[in-house]
Each structure stands twice: as structure tokens, then as C-alpha cells.
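This is what each chain is made of:
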There are 2 protein chains.
Amino acid sequence: MGALTIIPISGIPEVRPGDSLGELIATAAAAQDTPLADRDCIVVTQKVVSKVEDRLVALDHENLDARRELVERESVRILRRRGDLIISETEHGFVCANAGIDLSNVEDGFAALLPVDSDRSAHRIRNTIRVEAGADVAVVISDTFGRAWRHGLADVAIGVSGLAAVVDLRGQADARGRELHVTEVALADEVASAAELVMGKAAAIPAAIVRGLEPEWFRDGSVRELIRSPQDDLFR
Amino acid sequence: MGALTIIPISGIPEVRPGDSLGELIATAAAAQDTPLADRDCIVVTQKVVSKVEDRLVALDHENLDARRELVERESVRILRRRGDLIISETEHGFVCANAGIDLSNVEDGFAALLPVDSDRSAHRIRNTIRVEAGADVAVVISDTFGRAWRHGLADVAIGVSGLAAVVDLRGQADARGRELHVTEVALADEVASAAELVMGKAAAIPAAIVRGLEPEWFRDGSVRELIRSPQDDLFR
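Calculation rules
- Per chain, residue numbering runs from 1 following the sequence as it is written.
- Chain letters start at A and ligand numbers start at 1, both assigned in the order the entries are written.
- In keeping with the model being predicted, local features are shown solely for residues with a pLDDT of at least 70 and side-chain atom pairs are shown and tallied solely at 80 or more, while totals for entire chains, interfaces and linings include all residues.
- For the purposes of this entry, the term helix denotes a DSSP run of H or I that reaches at least four residues, the term strand denotes a run of E that reaches at least two, and both are numbered from the N terminus.
- Radius of gyration: over C-alpha atoms. The globule rule applied is 2.2 Å multiplied by the number of residues raised to the 0.38 power.
- We call two residues in contact whenever the C-beta atoms placed from their backbones are within 7 Å.
- When DSSP locates at least two bridges between a pair of strands, those strands are taken to pair.
- To get an axis, a line is fitted to the C-alpha atoms, and for a helix only the part in contact is used. The angle between two axes follows their N-to-C directions and goes from 0 to 180 degrees.
- For the purposes of this analysis, a nonpolar core is taken to be any set of buried Ala, Val, Leu, Ile, Met, Phe, Trp, Tyr and Cys residues that are connected through C-beta atoms within 7 Å.
- Working definition of burial: number of other C-beta atoms within 10 Å of the residue's own, with buried at 20 or more, exposed at 12 or fewer, and partly exposed in between, all C-beta atoms being placed from the backbone.
- Multiplying 1.5 Å by the helix residue count minus one yields the expected span of that helix.
- Those domain boundaries reflect an automatic or database domain assignment.
- Gly is placed with the polar residues, together with every amino acid not listed as nonpolar (Ala, Val, Leu, Ile, Met, Phe, Trp, Tyr, Cys and Pro) or charged (Asp, Glu, Lys and Arg).

Caption draft 1: Spotlight on the overall build of chain A. Scanning chain A from terminus to terminus reveals 5 helices and 12 strands. The C-alpha atoms of chain A give 18 Å as radius of gyration, which agrees with the globular expectation for 236 residues (18 Å, within 12%). C-alpha extents for chain A along the principal axes are approximately 55 × 45 × 25 Å. Long-range pairs, those at least 24 residues apart, make up 64% of the contacts in chain A with a sequence separation of at least 6.

Caption draft 2: Here's a closer look at the sheet that holds strand 12 (residues 207-211) of chain A. Spatially, 9(A)-8(A)-2(A)-12(A)-1(A)-1(B)-12(B)-2(B)-8(B)-9(B) is the arrangement adopted by the 10 strands of the open sheet, whose pairing is mixed. Edge positions in the open sheet fall to strand 9 (154-161) of chain A together with strand 9 (154-161) of chain B, since each of these has one partner strand only. Between one strand axis and the next, the sheet turns by 25 degrees as a mean value, whatever way the strands run. Pairing of strand 2 (residues 40-45) of chain A with strand 12 of chain A, which is carried by 5 bridges, proceeds in the antiparallel orientation. Note on strand 12 of chain A: the bridge partner recorded for Ile 42 of chain A is Ile 209 of chain A. With respect to the sheet, helix 5 (residues 187-199) of chain A is in contact with strand 1 (4-9), strand 2, strand 8 (138-145), strand 9 and strand 12 of chain A together with strand 1 (4-9) and strand 9 of chain B, its orientation differing from that of strand 9 of chain A by roughly 120 degrees. Against the sheet, helix 4 (residues 118-133) of chain B touches strand 2 (40-45), strand 8 (138-145) and strand 9 of chain B, its axis set at about 70 degrees to strand 9 of chain B.

Caption draft 3: How the structure looks around the sheet that holds strand 6 (residues 95-97) of chain B. Residue and element names in this part refer to chain B. Across the sheet, which stays open at both edges, the 3 strands sit in the order 4-5-6 with antiparallel pairing between neighbours. Of all the strands in the sheet, just strand 4 (75-82) and strand 6 have a single pairing partner and so form its edges. Here the average twist between neighbouring strands, direction ignored, is 25 degrees. Relative to strand 5 (residues 85-90), strand 4 is paired through 6 bridges, and the arrangement is antiparallel.

Caption draft 4: Spotlight on the nonpolar core. Of all hydrophobic cores here, the largest spans 148 residues; its most connected members are Val 140 of chain A together with Val 140, Ala 157 and Val 191 of chain B. Discounting residues that sit within four places of it in the chain, Ala 157 of chain B has contacts with Val 140, Ile 141, Ser 142, Ala 165, Ala 188, Asp 189, Val 191, Ala 192, Val 223 and Leu 226 of chain B.

Caption draft 5: Molecular detail of helix 4 of chain B. All names here are of chain B. Between its first and last C-alpha atoms helix 4 spans 22 Å; for 16 residues at 1.5 Å apiece the expected length is 22 Å, and the two agree. What helix 4 keeps buried is the set Ser 118, Asp 119, Ser 121, Ala 122, Arg 124, Ile 125, Arg 126, Ile 129 and Ala 133. Just downstream of helix 4 lies Gly 134, where phi reads positive at about 65 degrees.

Caption draft 6: Structural detail: the domain arrangement of chain A. All names here are of chain A. With domains assigned, chain A is organised as domain 1 (5-49 + 115-227) and domain 2 (56-114). Relative to domain 2, the C-alpha centre of domain 1 lies at a distance of 24 Å. Grouping the constituent residues of the side of domain 1 that touches domain 2 by class yields 4 nonpolar, 2 polar and 2 charged.

Caption draft 7: How the structure looks around unusual backbone geometry. All names here are of chain A. Not every positive phi belongs to a glycine, and Asp 54 is a case in point at roughly 55 degrees. At Trp 149, a residue that is not glycine, the phi angle is positive and equals roughly 75 degrees. With respect to the helices and strands, Trp 149 occurs in the loop between strand 8 and strand 9. You can call Trp 149 buried: it has 23 C-beta atoms within 10 Å.

See below:
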């Protein structure tokens, strides 16, 4: 197994609704002399995906009632409330703070909702890159979620195209020849976390190349693999 | 912000109690022509740390009562039970399955407990590498945990030395000049997840180099930064 390289893609301009992220990413990568290649995995942050898909809604950030109503509208189930914080499940099946609604890095007076279908957003970017750059890449859409029990936020996948979201190593023998019991690795989440290390919250780098992932991990994938079913979930 | 490189360290032999992991890692890295350098972050899996620290205990894996008793003994609080699975809090403050006790990749008839103090384990490896390789590195001890709500396992940090476990970006302006509300990034967890991508569960690679992290992230750190306090935790 070889080394992995994670390359931030800088030089992507502030995006607007209708922009083609695939084009912007392919162009910026070529301009910084790291043109996209087959089996690169491109990680793109939710912020820019929501912007090009025009998922911005008007919101007076100081109006806590309006904010709460928006979060409730984007939720299918409320898990916990504390003060202004709501932990809820979105219609995608994600459990996160404030239904994943983004208040930072958005125009004043607006909030950014999650993409309607981030797998489809990832497909679209991937197809554009295939045409624009001639490269067969995978795409992961990432977002920044809090976790139960652990302090600090980590990036996870909210959309996937061309990559296994979960790699199932159940039944493969471990180094001592015994069956591994349960080793389903949340690959797309780990890829999102890895990419976040070069993107930086304040640096406005909305995409990164993860280069060197195992060839067998590139297949049709969906973020639905990462959703724990409610009946399997001990904390919902 | 530059690129990040993640290099698996292969050629580390099967370890035994009392072995010096710092020596083994420095030697193996040099032997594969990727000698350790200042500001590398070395990620080391819990499995090998528990082995060199002789945290193996006898356990008949088929004896479910013995297994349950061991998990309960290593727990300070049980959060959930379902069948053989116990989600509990360890005395370190980690919430995970089966108190973090490792049944795979261990000699038959044994199980591996978590290190007593993984920050100290990380310090020890770091100090040895400073002496053996003349390199001032950071060290993260990683383990594979399940998550609430999301399917699949991801590697997280259970011990840290020389690196911020959480990077606090609160109050730094975002790209639009507005204050960021809460952006405390679980840096050491993201580093552990990134390293896992080159280690592979079945490949028996127990350590990796993460090269290219931001210089300001290298400081005294502790895994305690990553423990969400029970009063701040809505799911305990």
C-alpha cells in the first residue's frame, strides 16, 4: 500500500448559483499544476455545493425564533434541544446540529441549507470533471459535524460518487489468520476528515484532491451506506 | 497551505511486551527511505501500543460471560446493551464498544485492553524518536471506534503528544469577515482517520507518517481535549 497525497485546490473563485463546480475545480487544479487524474478523489465542501445549487434562504440571524423554525422545517425528528442548539435528523438521515444549516461563510441575512441530494451533487461534479479534465475521479461532498461524546468537530461525507462510502472488511482474515468480526470502515468519512486537514475553516479552500486511495475502493457508492438505520441505532 | 503526505511505515516486526515502539518505527521508516523529520506526526495504532505495554489479558473468546465481565470491569458507566454488545464509558472518558477491548489481531486466548494512559504512551514514543532519529515529531495513538447515528467505524485519537488535539478557530474571522461561531476542529481525530487510509485493517501496518500539518498545530496537547464533559454531552 503506497502513500496518500492530499492537495488543496486553491484559486477557486467565490461561487454563485448555477456555477459549474466541476469546471471550476478542474480549471483551478490545472492552473496550480496539479491536474486531476484517474482515481483521484475530489472532496468538495457542502458550503460551495449549497451555493451553486442555490440552497440559500433568507434568515435574520438575530431572530432566534425564525432560526428555530427553519431548523424544525428541515428536520424530520428532533433528538435533543439545549438553548439555541437543536440536534435533529434531516430527511437525508443525517443526525447533526441545526439540521446541517450553515450560518457561517454565507451572505449576511442568509443561511445555507444542505443540498437536496448530495450523492446527485457529487455525480454531477464527477461527470463534469470527466468531460472537462478527461479524468475518471471519485467525488465526496463533505460537511462539518459534531459528534456524541467527543469534543470538537470533524468533517464527514454527506454525498459520494464513484467511491465506496463504507468498505466492508468483514470476513477477511486478520494478520493472525483469524476472521475479523466487524470491520466496516467508514471510508468516505475518513476521506472527508483527511481532506479537511488541508482546507482550513478560515482559508476558504473549498476542494481538495485525495490521491492514492486503493483502486478497489473506487466503485458505485452512496452516502446512504453511512446512515445507521434507526433500528440499528442505540442512540436515536 | 501546502499538501499533506501520508506514508505507511511497513516492515515493523510483530511486537512483544517491552519492545520500544519509538525505535522500531524510526528504524523501519529509515529502512524504507522515509526517515522521520521534524514536524512529522506519527500515528500508531492502539493494538501495538497495548502489546508492548503488556495490556494483554487471558480471555476465552467463546465464554460470553467472561467477556462481559471483562468489559464491565474496564467500564465506569454502561450506556447501552444489545445482545453481546456493550457501549460504555472507560475510565479514560472514551465512549466506545466493549470498553475498547480488542479481540482481533491478538493471540488466541487473549484480549488487549486499552493502554492505561495513551498520552503517556505517545510521549514515550515521541521521546524515543527524538533520541533515535533526531527528529522532533508529534505522536497520535489511534483506535477504531463506532459512532452514534453513522454506520461504519472510523479511527480516532486515544493519545496525543506534541500536537493540539483540538484546534480552536473560534473568533477567527471567516472568509467574509464575520466571526466564526464555533469551529473547534478535532484535529487529532482527523489525523487518525487520515492515517487509517494507508494502514488497512488486514495489512498489519501499525504506524504511518502524516507530513505537512500546519506548524502552529504542534504544541503540547492531550487527548483530554477530545473528551466531551458529561454535563456538555446530550447523549450520555
